[in-house]
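Architecture and fold: a report
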Amino acid sequence: MDTRQRFAYRRRIVSKSTNQKLKLNYLFRIFWDYTDEQHKLTMAEIISHLSACGVAAERKSVYDDIELLRTYGVDIIGERTGKSYLYYLGSREFELAELKVLVDLTQSAKFLTVSKSSQLISKLERLCSHYEAGQLQHQVYVSGRIKTENESIYYTVDILHQAIRTGVQITFQYFNWNVRKEKELRRGGALYRVSPWTLSWDDENYYLVAYDDEAADLHYYRVDKMLKVELTDIPRNGREVYERMDPASYTKKRFGMFNGQEETVTLLCRNSLSGVIVDQFGQDVVMIPQDEEHFTARVHVAVSSQFFGWVMALGEDVLVTEPPQVVSQMREEAEKLFTRYNERK
């Protein structure tokens, strides 16, 4: 045996020895990844999985290792089925139903980008077996939802939590969407400086509730519209105002998941509403300039009283122009509202 062969032989021996030391870890991962209440393994299959990991095992040693894992608190269940004895992991930190809820929340959160949502969902999949992870993947594609494009959202949230925890003010830039669906910095790009107090979840978006010294009041800011967020060493202000805050006053209601006939509706809007339209319908919405002050937006909606209420709330700045039947419905809703208020004179 030459020198090269001796080194290769030693590497195999060391690798095999290392794998044997990791036997319990591999065994745990086998139960975690390949078993659940609907998917169970025989002892022969467990030994085969260990072999694929480079671990040689005999039945007796695997029995002993299973008992060690049980002693540690791993819920490994063994049950007889016919002539076979089957093993599986009985319980986990999260039930499948709980993971489905977390996946749906992650996917629906507007403040998370598509890539960040995918990363989080991949991590959630590791909390269940491979078979159950397939069900979570199915859930991901149930509904396409409007997502932010701000990839720095993770870091922004982290900085905001740090500012709230340490009690200091922050600076940042804030933007809106213009008619061309471009980011347009507010205040000409000048920095905002506020005292952050809490983060609020509303309409599937994150909002920062912060005290503004100039206004001497609390304001809220969409976290995904904040750029270049930085900590300062200035102590925050506004404690008394924050402690008097009514959380309900910071809740915004928009037309939601109400049943109705799906239609492609054309809206004539003032340019000042461009950000509102992008926020509501996403960056794929078709927006066409009409004159110096107006643009049209073609949107797909389930026409309902909630939709009409949303349009009315925008007042004279928006007008439904197409299709004719929706215009008629809008007119009827407006007339009913007008009549209702006249009755109360």
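The coordinates are above.
These figures come from a predicted structure and were not determined experimentally. (Residues numbered from 1 in each chain as written. Predicted model: local features only at pLDDT ≥ 70, side-chain atom pairs only at ≥ 80, totals over all residues. Heavy atoms only, no water.)

A few points about the overall build of the protein
In terms of helices and strands, the protein carries 12 helices and 13 strands. Across the 345 residues that make up the protein, the buried fraction comes to 40%. Within the protein, contacts between residues separated by at least 24 positions form 66% of all contacts whose residues are at least 6 apart in sequence. Here the protein displays about 20,800 Å² of accessible surface, and carbon together with sulfur accounts for 50% of that area. (Helix = DSSP H or I, 4+ residues; strand = E, 2+ residues; numbered from the N terminus. Buried < 20%, exposed > 50% of the residue type's maximum accessible area, 1.4 Å probe, protein only. Contact = heavy atoms within 4.5 Å. Areas by Shrake-Rupley, 256 points an atom, 1.4 Å probe, with all protein chains shown as cover.)

Considerations on a nonpolar patch on the surface
On the surface, a cluster of nonpolar side chains totalling about 320 Å² of accessible area is made up of Phe 94, Val 101, Leu 102 and Leu 105. Residue position: Leu 105 is located in helix α5 (residues 96–108). Look at Leu 105 and you get partly exposed, because its relative accessible area is 47%. (Patch = residues over 30% accessible without salt bridge, like charges linked within 9 Å, V, L, I, M, F, W, Y side chains within 5 Å. Salt bridge = Lys/Arg side-chain N within 4 Å of Asp/Glu carboxyl O.)

Thoughts on the sheet that holds strand β1 (residues 41–42)
One open sheet accounts for 3 strands, arranged β1-β3-β2; its pairing is antiparallel. Two strands close off the open sheet at either side, each with one partner strand: β1 and β2 (76–81). As paired elements, β2 and strand β3 (residues 84–89) share 6 bridges and run antiparallel to each other. Note on β3: the bridge partner recorded for Ile 76 is Leu 89. Across the face of the sheet, helix α4 (residues 59–72) comes into contact with β2 and β3 while running at roughly 130° to β2. (Pairing = 2+ DSSP bridges. Axes fitted to C-alpha atoms, helices over the stretch in contact; angles between N-to-C directions.)

Looking at the nonpolar core
Ranked by internal contacts, the top residues of the largest apolar core, which has 28 residues, are Val 265, Leu 267, Ile 277, Val 299, Phe 307, Trp 310 and Val 320. Mapped onto this core, the elements with two or more residues apiece are β4 (168–177), β10 (261–270), α10 (274–281), β12 (294–303), α11 (305–313), β13 (318–322) and α12 (324–342). In terms of residue count, β12 provides more of this core than any other element does, 5 residues in total. When near neighbours in sequence (up to four residues on either side) are disregarded, Ile 277 contacts Leu 267, Cys 269, Gly 282, Val 285, Met 287, Phe 295, Ala 297 and Trp 310. (Core = buried A, V, L, I, M, F, W, Y, C linked by side-chain atoms within 4.5 Å.)

A word on the packing of α5 against helix α6 (residues 114–125)
Running from amino to carboxyl end, α5 crosses α6 at an angle of 170°, the nearest separation of the two axes being 9 Å. Taken together, the axis directions place α5 and α6 in an arrangement best described as roughly antiparallel. Contact residues: α5 offers Leu 99, Leu 102, Val 103, Thr 106 and Gln 107, while α6 offers Ser 117, Leu 120, Ile 121 and Leu 124. Split by residue class, the contact of α5 with α6 holds 6 nonpolar, 3 polar and no charged. (Parallel < 35°, antiparallel > 145°, perpendicular 65-115°, else oblique. Nonpolar A, V, L, I, M, F, W, Y, C, P; charged D, E, K, R; others polar.)

Structural notes on α12
Over its 19 residues, α12 runs 27 Å from end to end, which matches the ideal 27 Å to within 8%, given 1.5 Å per residue. Burial in α12 covers these residues: Val 326, Val 327 and Met 330. The buried residues of α12 all sit within an arc of 105° when viewed along its axis, so they share a single face. Those residues of α12 that are exposed and angled more than 90 degrees off the buried face are Pro 324, Lys 336 and Arg 340. Residues of α12 that are buried sit in contact with β10, β12, α11 and β13. (Expected span 1.5 Å × (residues − 1). Arc of directions from axis to C-beta.)

Section: the pattern of salt bridges
Tallied over the full model, the rule gives 13 salt bridges. Among the ionic pairs, Arg 180 bridges to Glu 182, the shortest N-O distance being 3.1 Å. A residue is classified by how much of its surface remains accessible, and Arg 180, at 56% relative accessible area, is exposed. Glu 333 is the salt-bridge partner of Lys 336, the closest N and O atoms lying 3.4 Å from each other. Here the residue Lys 336 and the residue Glu 333 both occupy positions in helix α12, the gap between them amounting to 3 residues, near one helical turn. Among the residues examined, Lys 336 registers a relative accessible area of 53% and is labelled exposed. Its relative accessible area of 22% is what places Glu 333 among the partly exposed residues. When salt bridges with common partners are traced through the structure, they connect Arg 222, Asp 224, Lys 225 and Asp 279 into a single cluster.

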